[in-house]
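Structure assessment
For reference, the chains in residue letters:
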Amino acid sequence: MDDRFTNDANKYYFAMKLIVITTPYFFFGEERIITNLFNEGLEILHLRKPNADPIAYEHLLSLIPKQYHQKIVVHEHFFLQAKYGLKGIHLNARNKDIPTNYLAQISCSCHSIKEVQEKKEICDYVFLSPIFDSISKENYPSGYSSEILRQAVRNGIIDNKVMALGGIDSSNMQQIKDYSFGGAVVLGDLWNKLDFPDRLLQHFKLLQKEALLTRG
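Residues numbered from 1 in each chain as written. Predicted model: local features only at pLDDT ≥ 70, side-chain atom pairs only at ≥ 80, totals over all residues. Heavy atoms only, no water.

Taking 1.5 Å of rise per residue, 15 residues should cover 21 Å, and helix α8 (residues 197-211) covers 21 Å from first to last C-alpha, within 8% of that figure. Listing the buried residues of α8 in full gives L200, L201, H203, F204, L207 and A211. Angularly, the buried residues of α8 cover 160 degrees about the axis, an arc narrow enough to put them on a single face. Among the exposed residues of α8, those pointing more than 90 degrees away from its buried face are D198 and K209. (Helix = DSSP H or I, 4+ residues; strand = E, 2+ residues; numbered from the N terminus. Expected span 1.5 Å × (residues − 1). Buried < 20%, exposed > 50% of the residue type's maximum accessible area, 1.4 Å probe, protein only. Arc of directions from axis to C-beta.)

The final tally for this structure, using the stated rule, is nine salt bridges. Notably, a salt bridge pairs E30 with K49, separated by 2.6 Å at the nearest N-O pair. With E30 in helix α1 (residues 30-39) and K49 in the loop between β4 (44-47) and α2 (54-63), this pair connects stretches of sequence that are 19 residues apart. Accessibility expressed as a relative area gives 1% for E30, which makes it buried. (Salt bridge = Lys/Arg side-chain N within 4 Å of Asp/Glu carboxyl O.)

Most of α1 sits inside the fold, with seven of its 10 residues counted as buried. Taken residue by residue, α1 has E30, E31, I33, I34, T35, L37 and F38 as its buried positions. Residues of α1 that are buried in the fold lie against β4, α2, β5 (72-74), α7 (188-191) and α8. In the segment just after α1, G41 is the residue with positive phi, at about 110 degrees. (Contact = heavy atoms within 4.5 Å.)

Another point: the nonpolar core. One broad rule of soluble globular proteins: the nonpolar side chains tend to lie buried together. Among the nonpolar cores identified, the biggest contains 67 residues, and L37, L128, I131, I176, F181 and W191 are the most heavily contacted of them. The leading source of residues in this core is α8, at five residues. Excluding its chain neighbours within four sequence positions, the residues that come into contact with L37 are L42, L190, W191, L200, L201 and F204. (Core = buried A, V, L, I, M, F, W, Y, C linked by side-chain atoms within 4.5 Å.)

As a further point, take the packing of aromatic side chains. One pass over the structure, following the stated rule, counts six aromatic pairs. Their ring planes at 65 degrees and their centres at 5.9 Å tell us that F27 and W191 sit as a pair that is edge-to-face. Remark: W191 occurs in helix α7 and F27 occurs in the loop between β3 (17-21) and α1; sequence separation between them is 164 residues. Each member of the pair F27 and W191 is classed as buried. A network of ring pairs unites the aromatic residues Y25, F27 and W191 as a single cluster. The ring of F26 carries the charged tip of K49 above its face, separated from the ring centre by 4.8 Å. Taking the ring centre of F196 as reference, the NZ or CZ of R199 above it sits at 4.3 Å. (Phe/Tyr/Trp six-rings, centres within 6.5 Å; stacked < 30°, edge-to-face > 60°. Lys NZ or Arg CZ within 6 Å of the ring centre and 35° of its normal.)

For the rest of this paragraph, the subject is the pairing of strand β9 (residues 162-165). On β9, burial covers both faces: V162 and A164 on one face and M163 and L165 on the other are all buried. With three bridges connecting them, strand β8 (residues 125-128) and β9 associate as parallel partners. Looking across to β9, one finds that F127 is bridged to M163. As defined by bridge partners, β9 adjoins strand β10 (residues 183-186) across three bridges and the pair is classed as parallel. When the sheet's bridge partners are listed, A164 is paired in β10 with A184. (Pairing = 2+ DSSP bridges.)

Any functional reading would require information beyond the geometric quantities listed.
Have a look at this one:
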């Protein structure tokens, strides 16, 4: 939330981060959609394919233009970060340890306010989930009341290093801003339009617009 700009003497605008997580599976033409998202201004893509073979990861990366590799974060096979010049790595329950002598960006998945407090010390940013009922996972309801989130803001726990994940769509983006999250992480709301690539891209543009926060 540091990229500020203004076109009005009395108003300031800055973009809340918008992060996209890939589908957990590979699919035909995935590299084209990812490249189009980057072309439209996607800042960060989290490449998450649980239990996938590293060769499959490398094949997908090889099809994405090299200038966009620096915008990609991997959730598995951390050696790929250095090999492909990726943005960073993401720690989770499957991959908890930071590689020896690792110096690039680190992010992490968190599932409690306490965990956010702990992980923020070692990470560039963290995901907190599930904020709303999950779109991509069945029977994965919101884990936090409005009061819990607002108290975490008052305590300085939720800030621009904490990204909201879980059930994020264009209808609740404003709530994410109101809770003072540094960004929104989208998954199901975007990829459930996969059968209509043009519609998916248009929806991404809508999410980008919703991520813009205006303060007078």
